[in-house]
Structure formats: C-alpha cells, structure tokens
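So the chains spell out like this:
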Amino acid sequence: MTRHEMREAALLILFQMRLNDSTEEELLQDNVDAFELEYNSNSLKLVNGVLENDALLTEIIAKYSPSRAVDRISLMNRTIMQIALYEMKFCPSVPDKVAINEAVELSKEYCQKNDTAFINGVLSSYYKENGDE
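The rules we used
- Residues numbered from 1 in each chain as written.
- Predicted model: local features only at pLDDT ≥ 70, side-chain atom pairs only at ≥ 80, totals over all residues.
- Heavy atoms only, no water.
- Core = buried A, V, L, I, M, F, W, Y, C linked by side-chain atoms within 4.5 Å.
- Buried < 20%, exposed > 50% of the residue type's maximum accessible area, 1.4 Å probe, protein only.
- Helix = DSSP H or I, 4+ residues; strand = E, 2+ residues; numbered from the N terminus.
- Contact = heavy atoms within 4.5 Å.
- 1 Å grid on protein atoms, 1.4 Å probe; cavity = no way out; pocket = protein on both sides within 12 Å on 5 of 7 lines; lining within 4 Å.
- Points joined across faces, edges and corners; volume = space filled by probe spheres on them.
- Phe/Tyr/Trp six-rings, centres within 6.5 Å; stacked < 30°, edge-to-face > 60°.
- Lys NZ or Arg CZ within 6 Å of the ring centre and 35° of its normal.

Novice: Which residues make up the nonpolar core, and what values go with them?
Specialist: In this structure, I80, M81, I83, L85, I119 and L123 are the most contacted members of the largest nonpolar core, which totals 38 residues. At the level of elements, α1 (3-19), α2 (24-35), α3 (41-52), α4 (54-64), α5 (75-90), α6 (96-110) and α7 (113-130) are the ones that each hand at least two residues to this core. At eight residues, the largest contribution of residues to this core is made by α5. Once residues within four sequence positions are removed from consideration, L123 is found in contact with M81, A84, L85, M88, I100 and A103.

Here you go:
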C-alpha cells in the first residue's frame, strides 16, 4: 500500500466515522465488504491521531481560513486539511510540502475545483508561519 493509498483510506474512514454512529470496526468491515477498501495500521494511526487532535486541528484551520468560518467548510475539505495538518504537526518523517501536496491531490479527487485552491491556501499559510518546525 502506497502512502497516498494509506492517506486516502484514512480520509474515507474519518469521513464516514463523522457521518454515522458505527464503531470503527463495523465501519471498516462494511467498507471492506462493500468497496474492497484497503487499509493498514498506518491508516488507522492517522485516523486516531486526527481524532485525538480534532480540536487543535480545527483551531488551526479556523486561524488560517481567512474567508470561511470553519462551520461553513465542507466536512470533506476539513478532513483533508486535518490529515495534512496532523502530518505537518505530529509526523516529523513526513515533509510538510509532501503533506500539502497529498492534500491537494486528495482534494482533486474528492472536492470541487475551487476547494483545491482553498485547501492549498490554508495549508500554505500555516506552512509559511510554522513549516518544518
């Protein structure tokens, strides 16, 4: 499984966890059965890291989102940014620019075109002030 596939699996798991009340185990089994979703322990570590730091990551998004209040940002966009911010803040083995690029690539697959520019702008603004700490 590539790092991109690992991030994509984490994105899909997080997004679905936030939409329904299923347990992580139920959700994973449903996705494996219905969509043949592949995931690994790194995907789950990323999911759990984002969930554990949800408030902090949301706060960062709010600070660097000049044009949209957090509650007006789509769940998919927020989740993509949270994954990137988590990696930038807590995963020193992942270069910040790689985390941003991966977020942009995921947004191209799952978001509207103008959302990609917004996501890149928020993450780049954070990077300019805090990058590679």
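Novice: So what's going on with empty space enclosed by the protein? Residues and values would help.
Specialist: This model, assessed by the stated rule, comprises one cavity of 30 Å³ or more. Roughly 30 Å³ of volume is contained in the largest cavity. If you trace the largest cavity, you find it lined by R7, I80, I83, A84, E87, A99, E102, A103 and L106. The set of elements that each furnish at least two residues to the lining of the largest cavity consists of α5 and α6.

Novice: Which residues make up the packing of aromatic side chains, and what are the values?
Specialist: Enumeration over the complete set of coordinates arrives at two aromatic pairs. Taking the centre distance of 5.6 Å and the plane angle of 90° together, the rings of Y64 and Y126 count as edge-to-face. Taken together, the residues Y64 in helix α4 and Y126 in helix α7 connect sequence positions 62 residues apart. Judged by relative accessible area, which is 8%, Y64 ranks as buried. For Y126, a relative accessible area of 5% puts it in the buried group. Between the aromatic rings of Y86 and F90, the centroid separation amounts to 5.2 Å while the plane-to-plane angle is 35°, which identifies the pairing as tilted. Note that Y86 and F90 are positioned in helix α5 at a spacing of four residues, about one turn of the helix. For Y86, a relative accessible area of 14% translates into the label buried. Classification of F90 by relative accessible area gives partly exposed; the value is 34%. Sitting above the plane of the F118 ring, R68 keeps its charged end 3.9 Å from the centroid.

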